[in-house]
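Inside the fold
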Amino acid sequence: MNRRIVVKVGSNVLTRSDGSPDVTIMSGIVDQIAELHKKGHKVILVSSGAVACGRSMVTPARKLDSVGQRQLFSAVGQIRLMTTYLSLFGGHGLQVGQVLTQKENFGSRLAYLNQRSCMEVMLDNDVIPIVNENDTASMTELMFTDNDELSGLIAAMMDADTLVILSNVDGIFTGAPDAPGSTLISKVKLEDDLTDNISATKSGFGRGGMGTKYGIAKMLSEEGVRVIIANGRRNGVLTDLVERPDQVPHTEFEPREVPVSNIKRWIAHSVSFAKGRVTVNEDAARMLRGDKAVSLLPIGITSVDGEWEEGDIVNIYAPDGSKMGVGRASCNSAATIAMIGQRGGRPVVHYDYLFME
Ligand code: GLU
């Protein structure tokens, strides 16, 4: 079966200890993506490494703050990264296209669909999209946590069946990967909770760590995407994962079998753009958590915080203050306040636009 696979490669896999591109590793990864592409799989590459590359290339004339450094290093390093990919993929007769994005592009449905159609056009034309955050333009408070978060958004947006996160370890271990007696967890079921197994230590260059990888993997597996964390420095890791998964160490998150619709995925991933908060009563909380698809009606609402417009994303809270889910509001906050507790009336969030956690 041909798959749509998002492959995320971290800075620690792609760059040497001084930050310069590790062309041997990059070339191995490109060879494998080219092989998968030739077998009919559609691959999207989410590549970090721009900041690390740039850091190895320029020495700032005066001391820069972290934003200035990120902007300078990513501006210089991204070209180096892409030039390297251009020549490596070119060796296989493949074209690559650069997608630089930022969080705002996921915040409105219009921007989201626009970005998705850009990448669909690339895939239709056999161009391999290479995605990174636009670090020169992103504002610190609006940045992706790291490229793991970005790869999760891309996998959800592009209806990928698999997201492979390539790190510099084999996956999630029962303790710190190098601690004696620590073993690799190869399968994570939907009901498993590995929070205690994840070490908070971050690796060298990248912004991410196992904590965000785990959070993204859990979220996507709920949405029906298979997530695999594996070691990008192992020879043939990608092709093995697709063709002979038993022969390569990795952690795989079992996906929910009934996949979530694309619009619900967008809503679930837009939670950081939520403009307001709606608290519901006990009856509404029970019904929303039940098995039936129900909409959020004015009668179930007890209070409203924040201001939003029709179509914005709102968080939904239970009476005890716990967060229950997120949805796209079908009316603005003023109209919602005017309807609080009323019987009848149209849904404030229709069930097609509701994502319960
Ligand atoms: N966008 C950053 C880069 O290319 C990487 C962010 C991350 O470490 O995840 O250097």
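Just so we're clear, the structure is a prediction, and the values are computed from it rather than from any experiment. (Residues numbered from 1 in each chain as written. Predicted model: local features only at pLDDT ≥ 70, side-chain atom pairs only at ≥ 80, totals over all residues. Heavy atoms only, no water.)

Moving on, we come to the overall build of the protein. Along its length, the protein carries 12 helices and 13 strands. The C-alpha radius of gyration of the protein comes to 22 Å, within 12% of the 21 Å expected for a compact globule of 357 residues. Taking the principal axes of its C-alpha atoms as reference, the protein extends roughly 65 × 50 × 45 Å. Contacts spanning at least 24 positions in sequence make up 74% of the contacts within the protein whose residues lie at least 6 apart. Approximately 16200 Å² of the protein is accessible, and the part contributed by carbon and sulfur atoms is 51%. In the protein, which carries 37 positive and 42 negative side-chain charges, the distance between the mean positions of the two groups comes to 2 Å. (Helix = DSSP H or I, 4+ residues; strand = E, 2+ residues; numbered from the N terminus. Rg over C-alpha atoms; globule rule 2.2 N^0.38 Å. Contact = heavy atoms within 4.5 Å. Areas by Shrake-Rupley, 256 points an atom, 1.4 Å probe, with all protein chains shown as cover. Lys, Arg positive; Asp, Glu negative; His and termini not counted. Charge placed at Lys NZ, Arg CZ, Asp CG, Glu CD.)

Further remarks concern helix α2 (residues 23–38). Between its first and last C-alpha, α2 extends 22 Å over 16 residues, near the 22 Å set by a 1.5 Å rise per residue. Residues I25, M26, I29, V30, Q32, I33, A34, L36 and H37 constitute the buried set of α2. (Expected span 1.5 Å × (residues − 1). Buried < 20%, exposed > 50% of the residue type's maximum accessible area, 1.4 Å probe, protein only.)

Moving on, we get to the packing of helix α6 (residues 109–124) against helix α7 (residues 147–157). Where α6 contacts α7, the two axes come as close as 10 Å, and the packing angle between them is 80°. One way to sum up the angle between α6 and α7 is to call them roughly perpendicular. Across the interface between the two elements, Y112, Q115, R116 and M119 of α6 pack against I154, A156 and M157 of α7. Classifying every residue of the contact of α6 with α7 by side-chain character gives 5 nonpolar, 1 polar and 1 charged. (Axes fitted to C-alpha atoms, helices over the stretch in contact; angles between N-to-C directions. Parallel < 35°, antiparallel > 145°, perpendicular 65-115°, else oblique. Nonpolar A, V, L, I, M, F, W, Y, C, P; charged D, E, K, R; others polar.)

Further remarks concern the packing of aromatic side chains. Considering all chains together, one arrives at 5 aromatic pairs under this definition. Pairing F106 with Y112 gives two aromatic rings, centres 6.2 Å apart and planes at 70°, and the pair type is edge-to-face. On the basis of relative accessibility, which here comes to 1%, the residue F106 falls in the buried class. Judged by relative accessible area, which is 2%, Y112 ranks as buried. Following the ring pairs from residue to residue traces out a cluster consisting of F106, Y112, F144 and W266. Against the face of Y317 rests R277, its NZ or CZ located 3.6 Å from the ring centre. (Phe/Tyr/Trp six-rings, centres within 6.5 Å; stacked < 30°, edge-to-face > 60°. Lys NZ or Arg CZ within 6 Å of the ring centre and 35° of its normal.)

Counting residues in each nonpolar core, the largest one holds 45 residues, and the members touching the most others are F106, I154, L163 and I172. Sorting the residues of this core by element identifies β2 (42–47), α6, β4 (127–133), α7, β5 (162–167), α8 (210–222), β7 (226–231) and α10 (262–269) as the ones contributing at least two each. Top contributing element to this core by residue count: α7, with 6 residues. Excluding anything up to four places from it in sequence, I172 contacts T183, L184, I185, L194, I198, M210, Y214, I229, T251 and F253. Within the second largest apolar cluster, 34 residues are counted, among which are V13, M82, I228 and L238. (Core = buried A, V, L, I, M, F, W, Y, C linked by side-chain atoms within 4.5 Å.)

Quick look at the environment of V278 now. On the secondary structure map, V278 appears in strand β9 (residues 276–280). A residue is classified by how much of its surface remains accessible, and V278, at 0% relative accessible area, is buried. The spatial distance from the C-alpha of V278 to the C-alpha of I301 is 6.9 Å, given a sequence separation of 23 residues. Those residues in contact with V278, other than ones at most four positions away along the chain, are L296, I301, S303, W308, V314, N315, I316 and Y317.

With a phi close to 60°, D126 is a non-glycine residue in the positive phi region. In this structure, D126 sits in the loop between α6 and β4. Judged by its relative accessible area of 42%, D126 falls in the partly exposed class. For D159, which is not a glycine, the phi torsion comes out positive at approximately 55°. You can see D159 is positioned in the loop between α7 and β5.

For side chains of opposite charge, pairing can occur when their charged atoms come near one another. Across all of its chains, the model carries 18 salt bridges by this definition. Here D22 makes a salt bridge to R233, at a shortest N to O gap of 3.4 Å. Taken together, the residues span a long stretch of sequence, with D22 in the loop between α1 (11–14) and α2 and R233 in the loop between β7 and α9 (237–243) at a distance of 211 residues. Take D22: its relative accessible area is 6%, and that puts it in the buried class. What makes R233 partly exposed here is its relative accessible area of 36%. A salt bridge links K39 to E35, with the shortest nitrogen-to-oxygen separation between them at 3.2 Å. (Salt bridge = Lys/Arg side-chain N within 4 Å of Asp/Glu carboxyl O.)

What follows deals with the confidence of the model for the protein. This prediction gives the protein a mean pLDDT of 90; 97% of its residues lie at or above 70. Within the protein, no element has a lower average pLDDT than α10, which sits at 80, and none a higher one than β2, at 98. Note that pLDDT drops below 50 for residues 200–206; the model gives that stretch 17 contacts with residues more than four away or on any other chain. (pLDDT = per-residue confidence, 0-100.)

With that settled, the discussion passes to the sheet that holds strand β13 (residues 354–356). Taken together, the 5 strands give an open sheet; going across it, the order is β10-β9-β11-β12-β13, and neighbouring strands pair in mixed fashion. The sheet terminates laterally at β10 (301–306) and β13, the two strands that pair on one side only. The mean inter-strand angle of the sheet, taken between neighbouring strand axes irrespective of direction, is 20°. Pairing between β9 and β10: 5 bridges, direction antiparallel. Along β10, the bridge assignment pairs G276 with G306. Relative to β9, helix α11 (residues 282–289) is tilted by about 100°, and along the sheet it contacts β9, β11 (313–317), β12 (323–328) and β13. (Pairing = 2+ DSSP bridges.)

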